[in-house]
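Results of the structural survey
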Amino acid sequence: MITPVILCGGAGTRLWPLSRKGFPKQFTRLVGERSLFSASAERLSGADYKPPVVVTGSDFRFIVVEQLMEAGIEPGVVLIEPEPRNTAPAVLAAALHLATDVPDALMLVAPSDHSISDAAAFRLTVQSGVDAARDGRIVTFGIAPTRPETGYGWLELEGAATPVAPLRRFVEKPDAARAEAMLAAGNFLWNAGIFLFTARTIIEAFKAHAPGLFEPVRAAVAGAKPDLGFLRLAPEPWAGVPSISVDYAVMERAANMSVVPFSGSWTDLGGWDAVADEMGVDASGNSQSGTATALDCRNTLLRSDSDGLELVGIGLDDIFAIAMKDAVLVAHRSRAQDVKLAVAALTAKGAKQAEAFATDHRPWGWFETLALSDRFQVKRIVVKPGATLSLQSHMHRAEHWIVVSGTAQVTIGEEVRLVSENQSVYVPLGCKHRLGNPGKLPMVLIEVQTGAYLGEDDIIRYEDVYSRGQGEKG
């Protein structure tokens, strides 16, 4: 059987403002009703697949499990990276973990943010590479190109595209002329970044081609600690791990590479142009989503992801306009790959929208800021049924809670009581307190904070059912 290894470490900055470091594109409903991560996990499930191994960061560990369970998929091991180190260390960590029990475990490594419409056809394509992988080959999957794409890397085959073809070399993202030539040549495929191999094969490849990477990752896996069903890689050796992609570290150096072509629909949704194509277009080439209206527009994407915010485009050609409640992006279609420059510019000026959303997801639910000034902040807080926030206190703010839906179980100091709809409670500065939802429906309250400092890092945790450290979002 195949063990899927799903990589969930990317930030997706080219899809800002919908995708941000605080909640990247793989967990959002970018296209359709499911998140890209959920769709990836479903695609890599079935009779021939074991529960997935997921490699992600600490902030997303509960989101991973929640979305897997919502998709009806039993989670396998969730490896927690102490900090992002690109794909090579993540792949090696998963291989070393699996090899502990099954040295020849068959691994299918895939990003969590790709869109493949025909899951059954993709699974059949994967099966075409199983024998080669068991024979010690590193199998990658190439996409049959449909256009001279300059936003993807390419794969050059030794000859024609056969069911399992030898790989001649990787080709970096080409210019337009080179892309045209490769499309015409017929022995080039798009690089999907999906790989099939045994744990033993890839471990030996890392030893041969990236020996400096091997030892710190091995030490991080050996020192990993279980935590609420997750497995945290040891932070000390992980801090010494170089940040490098698996393509650069191993794949472009290995001599035992094979390619299985896939002719179905595939996109890595690496920019708003790809999203627009995946959403579908009308007779004028326009894509619209949410509360958006296009008037006399052509080849334009209008997307509003904020309820109550109407986005209207008039006379636009080749434009992307994406509106959220705290940020709006307007760009020419030809600049889709440059959206990451906006994130860099916002980061340089200290704008929180570069990385964070107005809505902040937590393991117990979520909250959003409704109003913020120098000495007060108003939030809407939604707590899942049965969920509980940590027992905590604040050094710089007091809080006033008003329950608007459901019933809250509130701890303030030594007192524990229920607070129902239309009732309120005051939490003095410095007082230990806790909030929970004992009901079977989401509980909603309005929180008014007052004080000299209102940052999320002003939290001292004393007890936490989610085992978060001080200042950790989780």
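Each chain carries its own residue numbering, running from 1 in the written order of its sequence. At least 70 in pLDDT is required for a residue's local features to be given in this predicted model, at least 80 for side-chain atom pairs to be given and counted, and no such filter applies to totals for whole chains, interfaces and linings, which use all residues. The side-chain numbers reported here are obtained from all heavy atoms of the structure, hydrogens and water having been left aside.

**Focus: the domain arrangement of the protein chain**
Just so we agree on the cut-off: Each domain's extent is set by a domain assignment, obtained either automatically or from a database.
Taken as a whole, the protein chain is organised into domain 1 (3-267), domain 2 (272-336) and domain 3 (359-463). Between the C-alpha centres of domain 1 and domain 3 there is a distance of 39 Å.

**Overview of helix α4 (residues 119-128)**
Selection rule: The buried label goes to any residue with under 20% of its type's maximum accessible area, the exposed label to any with over 50%, and the partly exposed label to all in between, with areas taken from a 1.4 Å probe on protein chains only. What counts as a helix is a DSSP run of H or I of at least four residues, what counts as a strand is a run of E of at least two, and both are numbered from the N terminus. This arc corresponds to the set of directions leading from the helix axis out to the C-beta atoms.
When α4 is considered as a whole, its buried residues turn out to be F122, T125 and V126. One face of α4 carries all of its buried residues, which in axial projection span an arc of 105°.

**Some details on the sheet that holds strand β24 (residues 397-405)**
Keep this limit in mind: Two strands pair if DSSP finds at least two bridges between them. All axes are obtained by fitting lines to C-alpha atoms, using only the stretch in contact for helices, and the reported angles, taken between N-to-C directions, cover 0 to 180 degrees.
With antiparallel pairing, six strands are arranged side by side in an open sheet as β20-β21-β22-β29-β24-β27. Pairing within the sheet leaves two strands with one partner each, and these edge strands are β20 (359-362) and β27 (424-427). Across the sheet, the mean angle separating the axes of adjacent strands is 20° when strand polarity is ignored. In the sheet, strand β21 (residues 365-372) pairs with strand β22 (residues 376-383) via seven bridges, with the strands oriented antiparallel. When the bridges of β22 are listed, F367 appears paired with I381.

**Quick look at the packing of helix α7 (residues 199-209) against helix α8 (residues 211-222)**
Selection rule: To sort the angles, those under 35 degrees are grouped as roughly parallel, those over 145 as roughly antiparallel, those from 65 to 115 as roughly perpendicular, and the leftovers as oblique. By definition in these notes, contact holds between two residues if any of their heavy atoms fall within 4.5 Å. Classification used: nonpolar for Ala, Val, Leu, Ile, Met, Phe, Trp, Tyr, Cys and Pro, charged for Asp, Glu, Lys and Arg, polar for all others including Gly.
It is at 5 Å that the axes of α7 and α8 come closest, and there the two elements cross at 125°. Classed by the angle they form, the pair α7 and α8 counts as oblique. Contact with α7, carried on its side by I203, F206, K207, A208 and H209, involves P211, L213 and F214 of α8 and no other residues of that element. Taken together, the residues that form the contact of α7 with α8 break down as six nonpolar, one polar and one charged.

**With respect to the packing of aromatic side chains**
For the record, the criterion: Each pair of aromatic rings taken from Phe, Tyr and Trp, with Trp reduced to its six-membered ring, is defined by centres within 6.5 Å and is described as stacked if the planes are under 30 degrees apart, edge-to-face if over 60, and tilted in the remaining cases. Two thresholds decide whether a charge sits over a ring: the Lys NZ or Arg CZ must be within 6 Å of the ring centre and within 35 degrees of the ring normal.
As enumerated under the stated definition, the model contains eleven aromatic pairs in all. When the ring of Y152 is compared with that of W190, the centres are 5.0 Å apart and the planes differ by 70°; the resulting orientation is edge-to-face. Here W190 lies in strand β9 (residues 188-198) and Y152 lies in the loop between β6 (138-143) and β7 (154-157), a separation of 38 residues in the sequence. Here Y152 and W190 have matching classes, each one buried. Ring plane angle 90° and centroid distance 6.3 Å describe the contact between W154 and W190, whose orientation is recorded as edge-to-face. Of this pair, W154 sits in strand β7 while W190 is found in strand β9, placing the two residues 36 residues apart along the sequence. Here W154 matches W190 in class, with each residue buried. In textbook terms, an aromatic cluster arises when at least three aromatic residues are bridged by ring pairs, as seen for F23, F27, F37 and F60. Positioned above the aromatic ring of Y462, the side-chain terminus of K432 is 4.3 Å from the ring centre.

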